Each structure stands twice: as structure tokens, then as C-alpha cells.
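For reference, the chains in residue letters:
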Amino acid sequence: MGNFRFLTAGESHGQCLTAIVEGLPAGLKIDINEINRDLARRQQGYGRGGRMKIETDKADIISGVRFAETMGDPITLRIVNRDWQNWTERMSVFGEEAGEKVTAVRPGHADLTGILKYDRNDARDILERASARETAARVAVGALCKEFLAACGIQVVSQVVRIGGISVNEANIDRSMIGKGDSELNCYDSVAEELMKKKIQEAMANGDTLGGVFEVIVRGAPLGLGSHIQWDKRLDGKLAWALMAIQAIKGVEIGAGFKCGDLPGSQIHDEMFLDSESRVYRKTNRAGGLEGGMTNGEEISVKACMKPIPTLMQPLNSVDIKSKSEVSACKERSDVCAVSAASVVGEAMTAIIMTEAMLDKFGCDAMVDILEGLERYRQRVQGGL
Ligand code: EPS
């Protein structure tokens, strides 16, 4: 990362999750309700597990903001785990060992590789941090970034487009409404959503889990964020990395994505036209708003595919690291389907990368300078040819 960076800390059943965010400019107005709104959205979704009934995630800001405005200092965010009070002995920092060890590792989880790599004898030492609970901290960071982006006229929204093989019908979706809905699955095709819910019910009854696909959309980004000049400056690469680095994500597509491998160039590339003031426009957006590793001024569209969660109530065949025998994998309380939650995490990771790209281009000290530079730049590149 450039001048902007963040780190998270905290175990799923530890005292709290913490994030430190460095590099946001001074003079950004912060509304804590915006952060808490996204934290609540991440908790929602048909198919979430019992943990979400225990938690009411809220962020405290414990450094970097004064009188609701950033000062340019590192910002520390803290989200308390309410469930911690049920885990004080099993997750004690200095106390005696307590609780059953988790030894029947789960296929698809970090359990086994983590145990071997870090020389542990209890998968809890791995799963506590591998858990998608950590994404609450990322959502809080992403919400801060969204406040910065909103001040720059940039919006990040998402929708769920597939769950367990049931896809939305694009023709049923008014894309201008995405970000304004309150559907349980963050889905904008109500017919498909009902079928998705049925599919989740079936999976639940079978002790199974489901994955799916979500789309993150960025509106209002100026053209020219990212760069074609070096591999690690390409914004498409950074977005793909950030989305792939969300727990359980197995694939990322930008724009038409894998379809680009099926169709000829004439049906993929977005043709350009000129309006009466010599401004360039396109009638299609199969590039997903990114050409040559840079934003091209169109809406950015990135899709990510989440695998089904590896904790099955009808467990898969696995091994026990203690008894050295073949067993059924362990059962931990978990979700049946968390694709809608992942879509909120996808927004956060996208907002983080877009913030980094904006700060790389427009500086990162004071909001006033960034907004002035952005306005000048928009005037230069958005006028006619
Ligand atoms: C999650 C919290 C976890 C799980 C889920 C996501 O809580 P608990 O383990 O106490 O039930 O519900 O975690 C996983 C799917 C996982 O693989 O660890 C959350 O806050 O999102």
C-alpha cells in the first residue's frame, strides 16, 4: 500500500476486534452512524448463524478523530465481542488451559494447515483468527473509507447475484436502485431472492452450506485512478487482490470477466462515440470501468465468488490430529449462507482500495487540498476532446 494502510487484530471470541487506519487526510467529517450502519448490514442476511443474535456490532473510535473530524493521525477502531463473556476461560490470555481442544479438522478450513504450520495442537488457535468474524473490523475501516469517498463524490454499493446456483435475472434489476434496497439477501431481483431463500432452507435442513456470487459497484470515480505503468500499480489487480483476500472467496471477475474468453473482440470491447461537445461516451461497459489497469470513468463492476462455508452440520469425512484416525469433521456454530454479509465486506475492501488510489493521485494531508485537486483534474479530463 502507499501512504494509506490498515491492520486488524482480534480473535473471534476474544475481547474485541481492533483496527488501526493510517493515512486518511485531516479535515474529513466522520459520522459514527455510517460505520455502525455498515456493521449492522454485515450482520444481516438470511442463513446467518446464532452468533449474529448475540452480537450488535458497534464501533468505538479511540484515536485520530476530534470533534467529529479527522486530524491526520492514525485512527483506532474497536468493536467489542459480546460473546467474549461466554469465552473468558477458553480464551483466557494468561489462565490455565480450559475447554475441549478442536482436533477433528474441517475440510476447506484453515484448521489443518494452520495447526501444522504454526505448530499448535488445538485448531482453536487457528480458527479464532481465520474466522470471518475478523471482517467486522474490515467493514468498519471500509465505512471510514466510504465517508472519504463520499466527500469526493464516489459511492460504493453491492448486490448479491447468485446463491447456490440460483441467479438473478439482470433484466429484472434497475441498477440505479442498487444500494437503496433493504432486502434480506442484498438482492435486487425479488423473484430470484425467494428461490435463493428456499435453497438456503433446503441446505439448512440437510446440514449443508451454500456459496454464491456478489457484485460490487463503484459510481463516480474519476478516470485515471491506478496506472498502466507498473504491474503493482494496476487498479484491476489491486481490486482483485483485495476481494480475493476476503475469507472464502475463490474467484474474482472484472466486468464481463471470464466471458471475455468466449467471445470475439468485436463483442467484448466497448466502442467509443462522441457527443455534441466532443465528449467521449460508450454504450456498453463490458470492461467493468477498468482499461489498462486504470479507471476509465465508467461504473466499476467487480464480482466475487464465495465458496460454501466449511463448517457443515452434516460433517464431511476428515481426520483427527490427536487420535490420528479418520473421523467426521468437527461442528462449530456457523452460518448456512453468508454471501450477503460477504457483499458488505466486498464493499469495504473495494472502498479501501479506491481510497488508496485516490490518495495516491491527489495527496493525503488535508481534505481541502484533495478536493481542490480533484475538481481541477475533473475539469481537465472531463471536458470535450
Ligand atoms: C462470524 C462469526 C462466527 C461465525 C462465522 C462468521 O461466529 P461463531 O464462530 O461464534 O459462530 O458465525 O464464522 C465463520 C463462518 C467461520 O468460518 O469462522 C461473523 O461475525 O461474521
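Read on for an overview of the structure.

How each quantity is defined
Residues numbered from 1 in each chain as written. Predicted model: local features only at pLDDT ≥ 70, side-chain atom pairs only at ≥ 80, totals over all residues. Heavy atoms only, no water. Phe/Tyr/Trp six-rings, centres within 6.5 Å; stacked < 30°, edge-to-face > 60°. Helix = DSSP H or I, 4+ residues; strand = E, 2+ residues; numbered from the N terminus. Buried < 20%, exposed > 50% of the residue type's maximum accessible area, 1.4 Å probe, protein only. Lys NZ or Arg CZ within 6 Å of the ring centre and 35° of its normal.

With that settled, the discussion passes to the packing of aromatic side chains. Applying the stated criterion to the full structure yields two aromatic pairs. An angle of 70 degrees between the planes, with centres 5.6 Å apart, marks the rings of Phe-362 and Tyr-377 as edge-to-face. In this pair, Phe-362 is assigned in helix H8 (residues 339–362) and Tyr-377 in helix H9 (residues 367–382), connecting sequence segments 15 residues apart. For the pair shown, Phe-362 and Tyr-377 are each scored as buried. Above the plane of the ring of Trp-87 lies Arg-90, whose end atom (NZ or CZ) is 3.8 Å from the centre. Cation over ring: Lys-197 sits above Tyr-46, and NZ or CZ is 5.6 Å from the ring centre.

A few words on unusual backbone geometry. Although it is not a glycine, Ala-68 adopts a positive phi angle of roughly 65 degrees. Here Ala-68 is to be found in the loop between strand E4 (65–66) and strand E5 (69–70). Since its relative accessible area comes to 39%, Ala-68 is described here as partly exposed. Residues other than glycine seldom take positive phi values, yet Lys-324 does so here, at roughly 55 degrees. If you trace the backbone, Lys-324 turns up in the loop between strand E16 (317–320) and strand E17 (325–328). The exposure class of Lys-324 is exposed, given its relative accessible area of 72%.

Honestly, it's all geometry; don't read function into it.
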